[in-house]
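What the coordinates show
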Amino acid sequence: MFNWIKTHKLIFALVLVTLGMGVYFYSHKSTPEYTEYRVESGSIRDTLELSGKVTADGVANLRFPAGGLVTYLGAKEGDTVKKWQTLATIDSRQLQKTLEQKLNLYKSQLNTFDDTKDTYQDNLESGDIDDALRRILDRNQFSLENSVKDVEYLDISIKLTRLTSPLAGVLVKAPTQTTGVNVTAGDAWIVVDPSTLYFSADLDETDLKRVKVGQKVEISLDAYPDKKFESSISSIAYAPKETTSGTVYEIKLALPTSDLADLRLGLNGSATIILTEKTDVPRLPSSALTFEGTKSSVYVKNGDKYEEKEIEVGIENDGYVEIIKGLSPNDQVYSQKSQ
């Protein structure tokens, strides 16, 4: 009997403890907690971020029309070069000999041409030229013209054994650093004018209507993560280019002249285009608002109660939201903490 009473008392005590814990947790769960915020005046802006890289307008990609043995190097990779400076030459001895041969043939053909004219001088003066004579004269004329063209062609070929830079800049690539090696027609010397460096970014066609020339831009480069380069949109390409992600347009962003010495071709980074910027407007941290579809709201305190209030918002960026209607600076609002 005693054990039965003791057992039931224990069960009763456990029930009371369970009920008490349930009441405790229910009461705390049903009473939400709130975080307090104050509407402040500040700046806010709408931005568009694009990826891109540093490139240049002044780039010369130079090749020999035909391969050959390199006999002279006027600059090596990394050297500063002047406009029309010779970068390299290839062996032209065979061309020189061929040119001499063609010059001799030209002189011989010129003599033949003069001899033919002398032979038929009377006919030429009297105008007594039949079809047979006309063909003889034409053949001599054509042969002479062809010999002249052979000489001109070889002269051009010899000139093309010398590679010169059409612009002043830096030789950023050369296929060889020594003479005495053969290069092919595909080997290139690349010269870049550092003063023409700019940041190139691809703009998706869906954002084209939001962007215009002259808008302010902040450029961040992976090589200089702690530095912002102030710029603006210089131009927007008229013709699109196809990429794996769709149709895009190149936008050019000027780089500060004072920073060009530290920049290099191909540096990767991002460009933040400032579409709209407002100052001294009411704003709140995004975490202070509740968003449901197109509806935005906050909680305000009315006595001991928290009441939801719908507001109108504008730009949202950098963790802040612009308040257009429903709140004023210094108003206190509340956000319900997650349970």
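Okay, so let's go over this structure. (Residues numbered from 1 in each chain as written. Predicted model: local features only at pLDDT ≥ 70, side-chain atom pairs only at ≥ 80, totals over all residues. Heavy atoms only, no water.)

**Quick word on the layout of surface pockets**
Any empty space left between atoms is shown by rolling a water-sized probe over those atoms. Cut-off, in case you're wondering: Lining residues are defined by having an atom within 4 Å of a point belonging to a cavity or pocket. Those points lie on a 1 Å grid over the protein atoms alone, cavities being sets where a 1.4 Å probe fits but cannot get out and pockets being open sets with protein on both sides within 12 Å along at least five of seven lines. Grid points are joined across faces, edges and corners, and a volume is the space filled by probe spheres set on the points. A run of DSSP states H or I qualifies as a helix once it reaches four residues; a run of E qualifies as a strand once it reaches two. Both are numbered from the N-terminal end. Charged residues are taken to be Asp, Glu, Lys and Arg, nonpolar residues to be Ala, Val, Leu, Ile, Met, Phe, Trp, Tyr, Cys and Pro, and polar residues to be all remaining types, Gly included.
If you add up the space inside the largest pocket, you get close to 250 Å³. What lines the largest pocket is a set of 15 residues, and nearest its centre among them are Ala66, Gly67, Ile90, Leu95 and Thr161. Of all the secondary structure elements, the ones that give two or more residues to the lining of the largest pocket are helix H2 (93-119) and helix H4 (131-159). Among the elements that take part in the lining of the largest pocket, H2 stands out by supplying three residues, more than any other. Among the residues forming the lining of the largest pocket, the class breakdown is seven nonpolar, six polar and two charged.

**Focus on H2**
Filter applied, for reference: Any helix carries an expected span of 1.5 Å times its number of residues minus one. Whether a residue is buried, partly exposed or exposed follows from its accessible area with a 1.4 Å probe, protein chains only, as a fraction of its type maximum: under 20%, in between, or over 50%, in that order. A contact between two residues is defined here by any heavy atoms of the two lying within 4.5 Å.
Taking 1.5 Å of rise per residue, the 27 residues of H2 would be expected to cover 39 Å, and the 39 Å separating its terminal C-alpha atoms lies within 8% of that figure. Every buried residue belonging to H2 is among Leu99, Gln109, Phe113 and Thr116, and all of these are buried. Looking at the packing, one finds that the buried side of H2 touches H4.

**A short note on the nonpolar core**
To be explicit about the condition: Here the nonpolar core consists of buried residues drawn from Ala, Val, Leu, Ile, Met, Phe, Trp, Tyr and Cys, with membership extended through side-chain atoms lying within 4.5 Å.
Phe199, Ile219, Leu221, Leu253, Leu255, Leu263 and Ile273 are the most contacted members of the largest nonpolar core, which totals 25 residues. Of all elements in the fold, only strand E2 (40-56), strand E10 (189-192), strand E11 (197-204), strand E12 (216-221), strand E13 (224-236), strand E15 (246-254) and strand E16 (268-285) reach the threshold of two or more residues within this core. Once you skip the residues sitting within four places of it in the chain, Leu255 turns out to touch Val54, Leu197, Tyr198, Phe199, Ile219, Leu260 and Leu263. Grouped together as the second largest cluster of nonpolar side chains are 17 residues, Leu87, Leu167, Leu171 and Val191 included.

**Quick notes on unusual backbone geometry**
Look at Asp318: it is not a glycine, yet its phi comes out positive at around 55°. Relative to the elements of secondary structure, Asp318 occurs in the loop between strand E19 (305-317) and strand E20 (320-325). Look at Asp318 and you get exposed, because its relative accessible area is 62%. For Asn330, which is not glycine, the phi dihedral falls at a positive 80°. Structurally, Asn330 is set in the loop between E20 and strand E21 (332-336).

**Side note on the sheet that holds strand E6 (residues 86-90)**
Let me state the cut-off plainly: By definition, two strands form a pair when at least two bridges between them are found by DSSP.
Overall, antiparallel pairing links the four strands, which are arranged E7-E6-E4-E9 in an open sheet. Taken across any chain shown, the strands that pair with only one partner, and hence form the sheet edges, are strand E7 (162-164) and strand E9 (182-183). The sheet contact formed by strand E4 (residues 68-73) and E9 spans two bridges and is antiparallel. Bridged to Gly68 within E9 is Val183.

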